[in-house]
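The lines below spell out each chain.
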Amino acid sequence: MPERLKPYFPSAMLLLLIAYLGVQALTGERGLLSGGARDAMLTQREAQLAGILEQRRDLEIRARYLQADSLSRDLLEERARAVLGFADPRDYVIRVSSPASDATETPTA
């Protein structure tokens, strides 16, 4: 019996290969059916890029104000207070606890 099927072996392998590639073309990572997921990922990454670019522009402006030729006194005072932890006696200080620290605390009974 195996001798009778021997001529069909290459054809069967070729048919299996074509079936495998067809399934991958439809359902694979870059297949036809995963286009919606790629579009959603692209939209998400574009929004993330826009946020990062806005943050970069803000940091560039702040760095420009901290240069010696165009030093902004207000920005310098703000950074000094933040780094050193000082406050002006005329300032109102409001302490806000972060949500992450509230979630990690365990209630004591």
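Residues numbered from 1 in each chain as written. Predicted model: local features only at pLDDT ≥ 70, side-chain atom pairs only at ≥ 80, totals over all residues. Heavy atoms only, no water.

(A) Local environment of the overall build of the chain. Each helix and strand in the chain was counted, giving 5 helices and 0 strands. When its helices and strands are written in sequence order, the chain yields α-α-α-α-α. Scored against the burial criterion, the 109 residues of the chain give a buried share of 6%. Of the roughly 10,500 Å² of accessible surface on the chain, 62% is carried by carbon and sulfur atoms. (Helix = DSSP H or I, 4+ residues; strand = E, 2+ residues; numbered from the N terminus. Buried < 20%, exposed > 50% of the residue type's maximum accessible area, 1.4 Å probe, protein only. Areas by Shrake-Rupley, 256 points an atom, 1.4 Å probe, with all protein chains shown as cover.)

(B) Here's a closer look at helix H4 (residues 73-84). For H4, spanning 12 residues, the distance from its first C-alpha to its last is 16 Å, which sits close to the expected 16 Å at 1.5 Å a residue. Looking one or two places after H4, you find Gly85, whose phi comes out positive at around 80 degrees. (Expected span 1.5 Å × (residues − 1).)

(C) Molecular detail of the confidence of the model for the chain. For the chain, the mean per-residue pLDDT works out to 82, and 90% of the residues sit at or above 70. Per-element mean pLDDT across the chain ranges from 58 in helix H5 (residues 99-104) up to 92 in helix H2 (residues 9-27). (pLDDT = per-residue confidence, 0-100.)

(D) Layout of a nonpolar patch on the surface. A cluster of nonpolar side chains, Leu14, Leu17, Ile18, Tyr20 and Leu21, forms an exposed patch at the surface whose accessible area comes to about 530 Å². With respect to the element layout, Ile18 can be found in helix H2. (Patch = residues over 30% accessible without salt bridge, like charges linked within 9 Å, V, L, I, M, F, W, Y side chains within 5 Å. Salt bridge = Lys/Arg side-chain N within 4 Å of Asp/Glu carboxyl O.)

(E) Main features of the environment of Glu77. As for its position among the elements, Glu77 is in helix H4. On the basis of relative accessibility, which here comes to 33%, the residue Glu77 falls in the partly exposed class. Here Arg81 takes part through its side chain, which lies 2.5 Å from a polar atom of the side chain of Glu77. (Polar contact = N/O pair within 3.5 Å; in protein donor to acceptor, adjacent residues only side chain to side chain.)

(F) Representation of the side chain of Ser34. Checked against the element boundaries, Ser34 lands in the loop between H2 and helix H3 (35-65). A relative accessible area of 18% places Ser34 in the buried class. A polar contact is formed between the side chain of Ser34 and the backbone oxygen of Glu29, at a distance of 3.1 Å. Here the side chain of Ser34 touches Gly31 through a polar contact of 3.1 Å, landing on its backbone oxygen. If sequence neighbours within four positions are ignored, Ser34 has contacts with Gly28 and Glu29. (Contact = heavy atoms within 4.5 Å.)

(G) Local environment of the pattern of salt bridges. Counted according to the given criterion, the structure contains 4 salt bridges. Put simply, Glu60 and Arg56 hold a salt bridge, and the shortest N to O gap is 3.0 Å. Of this pair, Glu60 and Arg56 are both found in helix H3, 4 residues apart, which corresponds to roughly one turn of the helix. For Glu60, a relative accessible area of 37% gives the class partly exposed. Judged by relative accessible area, Arg56 falls into the exposed class, the value being 51%. Glu77 serves as the salt-bridge partner of Arg81, at 2.5 Å between the closest nitrogen and oxygen. Highlighted residues: Arg81 and Glu77, both in helix H4, separated by 4 residues, approximately one helical turn. A residue is classified by how much of its surface remains accessible, and Arg81, at 23% relative accessible area, is partly exposed.

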